[in-house]
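# Coordinates in review
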Amino acid sequence: MSAGEPVDPTTTAAWARLAGLADAYEADLRGTLTTSWVEKHTLLAGDLHVDLSKNLVDDAVEEALLALADEVDLAGRRQAMFSGERINVTEDRAVLHTALRLPADASLTVDGQDVVPEVHEVLARAYAFADRVRSGGWTGVTGRRIETIVNIGIGGSDLGPVMAYEALEPYRQEGLTCRFISNIDPTDAGQTLSGLDPETTLFIVSSKTFGTLETLTNARLCRAWLLDRLPDGADPEAAVAQHFVAVSTALDKVADFGIDPENAFGFWDWVGGRYSMDSAIGLSLMVAIGPEHFGDMLGGFHAMDEHFRTAPAAANVPLRMGLLNVWYTNFLGAHTHAVLPYAQLLHRFPAYLQQLTMESNGKSVRWDGTPVDHDTGEVFWGEPGTNGQHAFYQLIHQGTRLVPADFIAFARPAYALTDTGPDGQSIDVHELFLANFFAQTKALAFGRTADEVRAEGVAEELVSARTFPGNRPTTSIMAPALTPSVLGQLVALYEHITFVQGAVWGIDSFDQWGVELGKQLAQQLGPAVSGDAAVAAEQDPSTQSLIAYYQENRG
Ligand code: F6P
């Protein structure tokens, strides 16, 4: 199949079988969760220990899901992706983020050219740059050492670097800080630049297209901020050359902006923005954690790629997790999927996953343009535990909606702290934290029956309010520690889960036409917002009224 005709999954025998199984399905995790079931549903992928046992499936459902993968030729499409076929049909592009993490001695020929040497050539230049900044060899125009890196980018040119910068905080070099400007809300640039010393600040303009309004506007704001504040006598051209570097696939536009092409790091149209944190788009992270750790992260990505590419279906974690999401979305009526890291350092991971999953699989037509007649991408969301427990877990435990959830935790803490309890006992706070992690998936799976509540002596009129139905599905992912490699494995895991779902649905998970209309309309509306009455008058009544409100209240 590769990039040929997509299969309408609803026409497959497996889909019909799954529909029948869903009708008859009665969740009973209390009955299902035997030792052998748990053993069978505990999989290893690299350093990730993945417990699928608390999902709402039985043997027949699992067999039918794997059959569905066969009927849509998921393995063929996976092979097409890894080998560089143009599976991003609507943009006529290969999808090769996996090539970004191939080892230097691998080779992958696309359109007659081995892409691996190019990838490693850019990586080597980026690493050399990172080393110069880290060692103080790269200075600002007045000769002072760089202390702050400001990454200017949005979407895939922001979310991955920020998420990983936060996640890998223990690996950062002291004395070097990264900040990130993404939003065109001037508050973002205003707040981020506040208090910075221009002489010690380096800007990385990160934009695949180098045409994104937010990023170019913010880059110009930052350039003006720099030139206004450097000491008198600093040559503007030299200042931009020393304080601005760029990461883009459009190196001609980088030069037009005034950034020395020597200080630009390229990548390729076969890397989607939301799949680009392991390309030079990760430059801010490379500077922060250093080439060695960045290389470890790439190694983690590659390990998960190899797992996805080669593990047999039954043991293939991204495949199994992607198929579970299809089951919940298309057969059990789930609309959302929660990702709940029990790791404060992963506090931006859900936001990162929102772009990865929702920009990829929020589609209503297949890659040949035919409409789908089933649901596609779920709403991904989440917050770190235990904060979420005191906010929205109520709905997951006792609400009317089915919310499949992934729980992520690490055996070793980033910060090991001991509390002295009220009786003077010593409490390992990470263990307290993990106890919550274990407790939540247990509570969600098994709930608390009315009889159990009664047995606790609860008054009869409160029994129903205090009953937990259970059978709320979760997947638990654990790893020894949140290292660069483990982070790479986690991100690649979700990339491939996203791929699996898109492949089953027959959609193009690598385009994002849905973001274009709003961009075009914003351009058209700009003059109306600035007071052009004729353009305002052309708008629909609601938009006219909102712009009028702004005009009256702008102060
Ligand atoms: O508008 C959506 C989008 O194209 C994302 O896919 C992308 O990550 C983001 O904008 C930023 O694009 P660029 O890196 O080209 O500035």
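Residues numbered from 1 in each chain as written. Predicted model: local features only at pLDDT ≥ 70, side-chain atom pairs only at ≥ 80, totals over all residues. Heavy atoms only, no water.

### Quick look at a nonpolar patch on the surface
- Together, Tyr415, Leu417, Val429 and Leu432 line one region of the surface with nonpolar side chains, adding up to about 400 Å² of accessible area.
- Summarising the element assignment, valine 429 is placed in helix α16 (residues 429-446).
- Valine 429 sits in the partly exposed class, given a relative accessible area of 35%. (Patch = residues over 30% accessible without salt bridge, like charges linked within 9 Å, V, L, I, M, F, W, Y side chains within 5 Å. Areas by Shrake-Rupley, 256 points an atom, 1.4 Å probe, with all protein chains shown as cover. Salt bridge = Lys/Arg side-chain N within 4 Å of Asp/Glu carboxyl O. Helix = DSSP H or I, 4+ residues; strand = E, 2+ residues; numbered from the N terminus. Buried < 20%, exposed > 50% of the residue type's maximum accessible area, 1.4 Å probe, protein only.)

### A look at the sheet that holds strand β5 (residues 148-152)
- An order of β6-β5-β7-β8-β9 is seen for the five strands of this open sheet, with the pairing classed as parallel. Pairing within the sheet leaves two strands with one partner each, and these edge strands are β6 (177-181) and β9 (264-266). Strand-to-strand twist in this sheet, taken as the mean axis angle between neighbours without regard to direction, amounts to 20°.
- When β5 meets strand β7 (residues 201-206), the two strands line up parallel, connected through five bridges. Looking at the pairing, threonine 148 lines up with threonine 201 of β7.
- Against the sheet, helix α10 (residues 236-243) touches β7 and β8 (244-248), its axis set at about 55° to β8. (Pairing = 2+ DSSP bridges. Axes fitted to C-alpha atoms, helices over the stretch in contact; angles between N-to-C directions. Contact = heavy atoms within 4.5 Å.)

### Some remarks on the layout of surface pockets
- Taken as a whole, the largest pocket encloses approximately 1200 Å³ of empty space.
- Taken together, 38 residues make up the lining of the largest pocket; nearest its centre are Ile154, Thr212, Val515, Glu516 and Lys519.
- At the level of elements, α9 (213-229), α14 (349-361) and α20 (516-529) are the ones that each hand at least two residues to the lining of the largest pocket.
- Forming the walls of the second largest pocket are 18 residues, and the residues nearest its centre are Pro413, Ala414, Tyr415, His430 and Phe433.
- Residue contributions to the lining of the second largest pocket peak at three residues, all from α16.
- Considered class by class, the residues forming the lining of the second largest pocket number 14 nonpolar, three polar and one charged. (1 Å grid on protein atoms, 1.4 Å probe; cavity = no way out; pocket = protein on both sides within 12 Å on 5 of 7 lines; lining within 4 Å. Points joined across faces, edges and corners; volume = space filled by probe spheres on them. Nonpolar A, V, L, I, M, F, W, Y, C, P; charged D, E, K, R; others polar.)

### Remarks on the UniProt feature "active site" (unreviewed entry) in the protein chain
- UniProt records the feature "active site" (unreviewed entry) at Glu359, His390 and Lys519, using the numbering of this structure. In summary, the annotated positions, distributed over 161 residues, remain apart in three dimensions as well, the widest C-alpha pair reaching 36.9 Å. The subset of the named residues that lines the largest pocket consists of Glu359 and Lys519.
- Along the chain, histidine 390 falls in the loop between β11 (379-381) and α15 (393-398).
- If you trace the backbone, lysine 519 turns up in helix α20. (UniProt positions renumbered as here; feature names shortened; annotations may be inferred.)

### Description of the pattern of salt bridges
- Scanning all chains against the criterion turns up 20 salt bridges.
- Between aspartate 92 and arginine 86 there is a salt bridge, with its nearest N and O atoms 3.8 Å apart.
- When its relative accessible area of 48% is taken as the criterion, aspartate 92 is described as partly exposed.
- By sharing partners, the salt bridges in this structure join Arg101, Asp278, Asp305 and Glu495 into a single network.

### A short note on the pairing of strand β10 (residues 336-342)
- Among the seven residues that make up β10, six are buried, leaving the element largely enclosed by the rest of the structure.
- In this structure, β10 lies alongside β11, joined through three bridges in parallel fashion. Within β11, the position partnered with histidine 337 by the bridge is phenylalanine 380.
- Handedness of the β10-α14-β11 crossover: right-handed.
- Relative to strand β12 (residues 405-410), β10 runs parallel, the two sharing five bridges. Within β12, the position partnered with leucine 340 by the bridge is phenylalanine 407. (Right-handed = clockwise from strand over helix to strand, strands pointing away.)

### A word on the packing of aromatic side chains
- Per the counting criterion, the structure on display carries 26 aromatic pairs.
- For the pair phenylalanine 244 and phenylalanine 257, a centre-to-centre distance of 6.1 Å together with 50° between the ring planes defines the contact as tilted. Of the two residues, phenylalanine 244 sits in strand β8 while phenylalanine 257 sits in helix α11 (residues 251-257), which places them 13 residues apart along the sequence. With respect to burial, phenylalanine 244 and phenylalanine 257 carry one shared label: buried.
- Three or more aromatic residues link up through ring pairs in this structure, and these residues are Tyr342, Trp381, Phe392, Tyr393, Phe407, Phe433, Phe437 and Phe438.
- We note arginine 77 situated over the ring of tryptophan 367; from NZ or CZ to the ring centre the distance is 3.6 Å.
- For arginine 223, the ring lying beneath its charged end belongs to phenylalanine 257, and the centroid distance is 4.2 Å. (Phe/Tyr/Trp six-rings, centres within 6.5 Å; stacked < 30°, edge-to-face > 60°. Lys NZ or Arg CZ within 6 Å of the ring centre and 35° of its normal.)

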